[in-house]
Every structure is written in C-alpha cells, then in structure tokens.
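So you can see what is in the structure, the chains are spelled out below.
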Number of protein chains: 2
Amino acid sequence: MQSAQDDRPPRVALLSAVLDLGYLAPAFREACPGIELRLGAELGALEEIDAAVCWFPPPGLLARMPKLKLVQSLAAGIDHLLADPQLPRGRPLCRIVDPGMAAGMTAYVSWAVVQHHRGMRAYVAGSAAGRWQEQEVVSPRRHRVGIAGLGTLGLACAEALAAIGYPVRGWSRSAKQALPAGVAGFHGEAQLDQFLSGCDTLVCLLPLTPQTQGFLDAALFAKLPRGAHLINVGRGDHLVEADLLAAFASGRLAAATLDAFSQEPLPPDHPFWGDPRILVTPHIATRTDHGVIAQQTLANLALLQKGERPLNLVDLERGY
Amino acid sequence: MQSAQDDRPPRVALLSAVLDLGYLAPAFREACPGIELRLGAELGALEEIDAAVCWFPPPGLLARMPKLKLVQSLAAGIDHLLADPQLPRGRPLCRIVDPGMAAGMTAYVSWAVVQHHRGMRAYVAGSAAGRWQEQEVVSPRRHRVGIAGLGTLGLACAEALAAIGYPVRGWSRSAKQALPAGVAGFHGEAQLDQFLSGCDTLVCLLPLTPQTQGFLDAALFAKLPRGAHLINVGRGDHLVEADLLAAFASGRLAAATLDAFSQEPLPPDHPFWGDPRILVTPHIATRTDHGVIAQQTLANLALLQKGERPLNLVDLERGY
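Here the structure is a predicted model, which is why all the values come from computation and not from measurement.

> Account for the domain arrangement of chain A, with residues named and values stated.
All names here are of chain A. What the domain assignment lists for chain A is domain 1 (11-98 + 288-305) and domain 2 (100-280). In this assembly, seven residues from domain 1 lie in contact with six residues from domain 2. Between domain 1 and domain 2 the total buried area reaches about 630 Å² when both faces are included, carbon and sulfur atoms providing 51% of it. Taken together, the connections running from domain 1 to domain 2 amount to one salt bridge. Here Arg-235 ties to Asp-79 by a salt bridge, and the two come within 3.0 Å at their closest N and O atoms. Residue classes in the side of domain 1 that touches domain 2 are distributed as three nonpolar, two polar and two charged.

Dropping the structure here:
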C-alpha cells in the first residue's frame, strides 16, 4: 500500500562540505524530470528532505533531517560518511556499485602494473629523445600481482590482470566463494603473510575501515618481496606515508603508484612530488557515472517506499 | 619404424643474417644435452644438418641443406623466411606459438590502449612537475578497440581488453568460430569498412603477407573515426609511413604507438623520433621464451621422424 506522499516527486539533497555537487543536477533531472533538488546553502526545510546524496557531508547535517529515508553515498566507499560523528545510523545507508566504475579502475590498475613491470616510462623517454634501447623483456608470467580487497573493483582487476597473463592472487577479510579463473585466494589475518610474500606488485583496493586504516605500513612492507611495487587505489589513509619513504630507503619497495592521499590535493611541498620512484595521480583512477548515481538513488527511494531492500545497502557493523 | 639415424643426437643450425643467435644455445643444450649445434660461420657439412632455426637466414643457405627435415622460424611470423627467394618450399616450415608470448603482447597492448585513452603521459609529467591536474575521465566503455588479426596474439589481446571493460571488435581474413565473450567479430574485405568505422583504437596484429603489406595506409586511415589511435605491433611493412604522417596532419589520427618498423633500429634521423603524437618502442612488445623455441624445435623433429604432423606447421599458400 502506498501513502499519498508517494505521488509527489522526491526531494533530494546533494551534500558535500568539500565539493560543489551541482555537476550531478543534470543527471538527476534527466532521470526524474520533476525532482526537487536541494543544493549547497539552499537546502530549505530540512524535514522535507527524502534522500541525501553525500560526499563528505557537513558533519551533523544529516542528523537534522528527521524524515530522511535514504543516505546515499555517491561513491563505492562510505568512509566519508562515517567521518560524521552524528551520522544517523538507523537510516538505510547505500553505496554506489557502478560496473562502469570497475572498467575505469581496471584500466588504471592494468596500466600501472605494466608501466612499472615493463619499464614503459623509459621507453616513453627514449621515444622523445630518439633512443632505440631495449630493456630486458620479463614475461608477465614471472611477475606476481596481489590484490588486497576483493570487492567489485578488486575482482574486476584480478580478472583483467589474469587475462593479460599475470599470476594473480587476492586477499580479503573473509573467504570468497567464486574467484575468477586462475586467481589464487587468501583470506583473513592467518593467510596475510603468505599472500604478501608473493606480491611483486601489491594493489590496495580495500575499503577504509578502522581495521584497514594504516594497513600499508612498515610491518606490511617488510613482508613483500624485495623491490616490490605498491599501487594504492584505495584511500589515502590506508597508507602510512613515512613508512613508504623508509621502505624505499631500505630497498624493500622499488616503486609506488598512488592515486589517493590523506590530504587532497596533495600539498605542493609534499615529498612524493617529483620522486622518480613514485607516480602521483590526482585521484582519477575511476569515476562513478553521473547517470548511475541518479538512477541508483531514485531506484533505492522507490524500493524503500515499497518496503524492499535497497541496492548496495551498507552493513555498518562491517563498515562496507 | 625408426631408422638407425634416429639414435644420434640431432644436428641443429641456428641461422640469421642479422642477429647472433648464440643466445639460444643454452636453452637448446638444456633441452637436449647431446645436441650438435651449428652456429654462425661454423656450420660444417651442410648435408648433415637436420633442422634450421631461423631469423632472416642468409638467402640461399637453406636451399644448400639437402637433408633438412625442418625449417623452424624462431618467431610467430615467417615473413623473414619468405624473404629468401630460394626458400625450400617442399620442407615442413613451422613457427613458434608460445602462450607466454601472448602474455607479453597483451600486457604491451593493454598498456598502450590505456596510455592514450586515459592521457597517462600527462599524469606522469604532472607527477614529476608537482602538478595536481585532473583530465576528464572517459570510461573504457566509451572507447572502442578493434584488433585486426585474430591469431593467438590477437585473440589474447581481445580477451584482456574486454576483461578491462573496453568494447572490443576483431577482424580477420576468414570468419572465426570461437571469439572471447563480448568480442564482436568481423571478417573479409566485405566487413572491413564496418569494422574500421568503430575503432577508436586500432591494433594491427596481422601476419605480414603480400596481401597485408601496406595494410595501414591512407585509404584505411580515412575509414577510422576522426582522432583515432593506431597501435602497430604487427610488422613494420604493414604501415605506409608517409600516410601515417599525412593522417596526423589531417586530424584523422591523433596518436600512434609503434613497435615494429620497416628498418630496425629506426634510423636516428627518422621523423617518428621525438614526435609527441608517436610513441616509438624498440620492438619489445614481446619475446618468445628461449626454452619454448628449443622445446618446440626438438618436439617437431621427433614428430617428423615418426611421420606425424609437427606443431604450428605453416600453410605456405596462406602465408601463415
């Protein structure tokens, strides 16, 4: 049975303390022409808002929306919501799972693995300088890639890297039932050391939770093969930055490709800039499609109104 | 029934007019400790030679080996053998198919597709210069990749690019029965234009035959979408170099990644060097594993001695 309220268009707030989310408005209007969007300083009466689409929402604001039916993260992660100490934990909280987002991530990670493993940077420089100079060609079959975190993005990366020909292993908190063909599975604390010992390249795609904060630290680096390559496409706070620089100094790590940082943009005086062992990219590995954000948000409102389970509902106990 | 001759170790010549093939000797000795290898100027009595492993063999030399049982290309291609006008066409001629070789090629091609599509070169420069600057993130789902040539290497590339998330299409001379999931197939002259019209990146992995020489010419470039990217990992003679430069001038092509050239090394005064639209790599996309060359050569000799069909026998009518 639907209430009378269902007949009016939804009232959706786009909330962020760090970004202007106005860029999402056209996608929402296309998905639902009558939608009432509330943005920036013009939120109107907070008790009227049905759903909030969030990226680092202003702390305490969601708690002041008594009729909120849905808290929708506009990303795959929800760490930016958990940063709000007054996050209303009794409301359905959903994240976006966008298959197109996996494609962007998989492209970035595949590129980064080959870029380091095959020394492509030197070839690009050679082409600019007119230098015909071969390096040793090491087959992908002799370069082991490990993926920490086997969510949608991690599984997609594992599958693509295995299709290229890399021996791929994956690690997750709990055992996974179905891994892509040719991907070796490890899980839990008990198998972490064994997993790490076979990662010539380690890709971090974990969710950021209190347990995984600082996961990429000196103790972890010490368990990798000497001269390993780290790719962090998780969150900046997975990485202990000082430990990374120390791991270069000791030779434990040879290279790092980093797309997420504790402070973004990375400050101009940060030691990562210009370090030839580190590639800094400005958090561009992938993007959620605007249309997918709008469609999943509206679908979730409709599902909740029918009393059904929304898409990609987050388990706040687990943290993802 | 085996002849008495079968009991002696094989006599194998390593023949090249352009390279010292001594680097293959350890792999042959490991695969067959008693082998009698003939190299360089020390070929001995030519009538004693059982098999010739070749890379651009000195023209006319194979014709002077009357008891030759096997002509073995050390690569996937045989164009370097067809360059010998006196090639003894009555003898079994085999090429190497090395699954590890597909991995190297797939890694290179995947990297090259992403490098251009995602503008990774600018990010590498930004990291060196301390510049946090996003470019538009276009999903792989909106960048169509076409593979011309669906042999072992082409199929492996198609599968890996589809696993990343690119819409992939393939073209081959004759129809292919089994294409990887999600790969659209085109074949023959009749479907070539339709194939080309949907290639934002075109990868050339054709065999070099009289029919495919100069395949990458002005007429072909005119059928690609404007601003397309060409990756040539076939042979240098697939490409009409002057037409490539003209296609840049007209805006038809935006970028080219080239790993094979009509003249190698590419001459120091060649216009491709230093052109920001062109990436020149020194024929390093992949390498055949030395052990695989030795093992397939010896396996082929054994199969021929038993009167059986050797591995990867070339059909000289087709040219591959």
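> Describe the pattern of salt bridges, listing the residues and the values that go with them.
All names here are of chain A. Applying the stated rule across the entire model yields 22 salt bridges over all chains. Between Arg-38 and Glu-36 there is a salt bridge whose closest N-O contact spans 2.7 Å. Exposure remark for Arg-38: the relative accessible area of 7% places this residue in the buried category. We classify Glu-36 as partly exposed; its relative accessible area is 34%. With its nearest N and O atoms 2.8 Å apart, the salt bridge here joins Asp-275 to Arg-277. Take Asp-275: its relative accessible area is 10%, and that puts it in the buried class.

> So what's going on with the nonpolar core? Residues and values would help.
Among the nonpolar cores identified, the biggest contains 66 residues, and Ile147(A) and Ile147(B) are the most heavily contacted of them. At the level of secondary structure, the elements contributing two or more residues to this core comprise α3 (99-117), α4 (120-129), β6 (145-148) and α5 (152-164) of chain A together with α3 (99-117), α4 (120-129), β6 (145-148) and α5 (152-164) of chain B. Here Ile147(A) is in contact with Gly154(A), Cys157(A), Ala158(A), Leu161(A), Val168(A), Arg169(A), Gly170(A), Trp171(A), Phe195(A), Val203(A) and Leu205(A), once residues within four sequence places are set aside.

> How would you sum up unusual backbone geometry? Please name residues and give values.
Residues and elements named next belong to chain A. Following Glu-264, the chain continues to Pro-265 via a peptide bond in cis, the omega torsion being -10°. Structurally, the position occupied by Pro-265 is in the loop between β11 (253-258) and β12 (278-280). Located in the positive-phi region is Phe-56, a residue other than glycine, with phi close to 45°. Structurally, Phe-56 is set in the loop between β3 (51-54) and β4 (70-73). With a phi angle near 55°, Asn-312 is a residue other than glycine that sits in the positive phi range. Here Asn-312 lies in the segment after α9 (290-305).

> Got a sec to walk through the packing of α3(A) against α3(B)? Specific residues and values, please.
Two elements in contact, α3(A) and α3(B), have axes whose closest approach is 9 Å; the angle formed by their N-to-C orientations is 120°. Here α3(A) lies oblique to α3(B), going by the angle between them. In the crossing of α3(A) with α3(B), the sense of the turn from one axis to the other is left-handed. Contact residues: Ala107(A), Trp111(A), Val114(A) and Gln115(A) in α3(A); Ala107(B), Trp111(B), Val114(B) and Gln115(B) in α3(B). Each residue belonging to the contact of α3(A) with α3(B) can be placed in one class, and the counts come to six nonpolar, two polar and no charged.

> Just give me the short version of the sheet that holds β6(B), but keep the residues and values in it.
Sheet strands associate in pairs through backbone hydrogen bonding, adopting either a parallel or an antiparallel arrangement. All names here are of chain B. Read from one edge of the open sheet, seven strands run β8-β7-β6-β9-β10-β11-β12, paired in parallel fashion. Either end of the sheet is taken by a strand with one partner, and the two such strands are β8 (183-187) and β12 (278-280). Each adjacent strand pair in this sheet contributes to an overall mean axis angle of 15°, direction not counted. Sheet analysis places strand β7 (residues 168-172) next to β8, joined by five bridges and oriented parallel. Along β8, the bridge assignment pairs Val-168 with Val-183. Running over the sheet, α5 touches β6, β7 and β8 and is turned about 170° from β6. Contacts from helix α8 (residues 241-249) reach β10 (228-232), β11 (253-258) and β12, with the element oriented near 145° to β11.

> Provide a residue-level description of the packing of aromatic side chains, including the pertinent values.
Using the criterion set out here, one finds ten aromatic pairs over all chains in the structure. Here Trp132(A) and Phe261(B) contribute two aromatic rings whose centre-to-centre distance is 5.8 Å and whose plane-to-plane angle is 70°, an arrangement assigned as edge-to-face. One end of the pair, Trp132(A), is in the loop between α4 and β6; the other, Phe261(B), is in the loop between β11 and β12, on a second chain. On the accessibility criterion, Trp132(A) (21% relative accessible area) is partly exposed. Relative accessible area serves as the criterion here: at 5%, Phe261(B) is assigned to the buried category.

> Let's hear about the interface of chain B and chain A: which residues, and what values?
The partner chain A presents 52 residues to the 52 residues of chain B that form the contact. Inspection of the chain B/chain A interface yields four salt bridges. Residue Asp289(B) is joined to Arg142(A) by a salt bridge in which the shortest nitrogen-to-oxygen separation is 3.0 Å. Inspection of the chain B/chain A interface yields 17 residue pairs in polar contact (both at pLDDT 80 or more). For the side of chain B that touches chain A, the secondary structure elements donating two or more residues are α3, α4, α5 and β12 of chain B. Broken down by element, the residue count for the side of chain B that touches chain A peaks at eleven residues, all from α3(B). Its residues placed into classes, the side of chain B that touches chain A shows 27 nonpolar, 15 polar and ten charged.

The rules behind each value
- Residues numbered from 1 in each chain as written.
- Chains lettered and ligands numbered in written order.
- Predicted model: local features only at pLDDT ≥ 70, side-chain atom pairs only at ≥ 80, totals over all residues.
- Heavy atoms only, no water.
- Domains from an automatic or database assignment.
- Contact = heavy atoms within 4.5 Å.
- Buried area = accessible area lost by both parts, 1.4 Å probe.
- Salt bridge = Lys/Arg side-chain N within 4 Å of Asp/Glu carboxyl O.
- Nonpolar A, V, L, I, M, F, W, Y, C, P; charged D, E, K, R; others polar.
- Buried < 20%, exposed > 50% of the residue type's maximum accessible area, 1.4 Å probe, protein only.
- Core = buried A, V, L, I, M, F, W, Y, C linked by side-chain atoms within 4.5 Å.
- Helix = DSSP H or I, 4+ residues; strand = E, 2+ residues; numbered from the N terminus.
- Axes fitted to C-alpha atoms, helices over the stretch in contact; angles between N-to-C directions.
- Parallel < 35°, antiparallel > 145°, perpendicular 65-115°, else oblique.
- Left-handed = near helix turned anticlockwise from the far one by under 90°.
- Pairing = 2+ DSSP bridges.
- Phe/Tyr/Trp six-rings, centres within 6.5 Å; stacked < 30°, edge-to-face > 60°.
- Polar contact = N/O pair within 3.5 Å; in protein donor to acceptor, adjacent residues only side chain to side chain.

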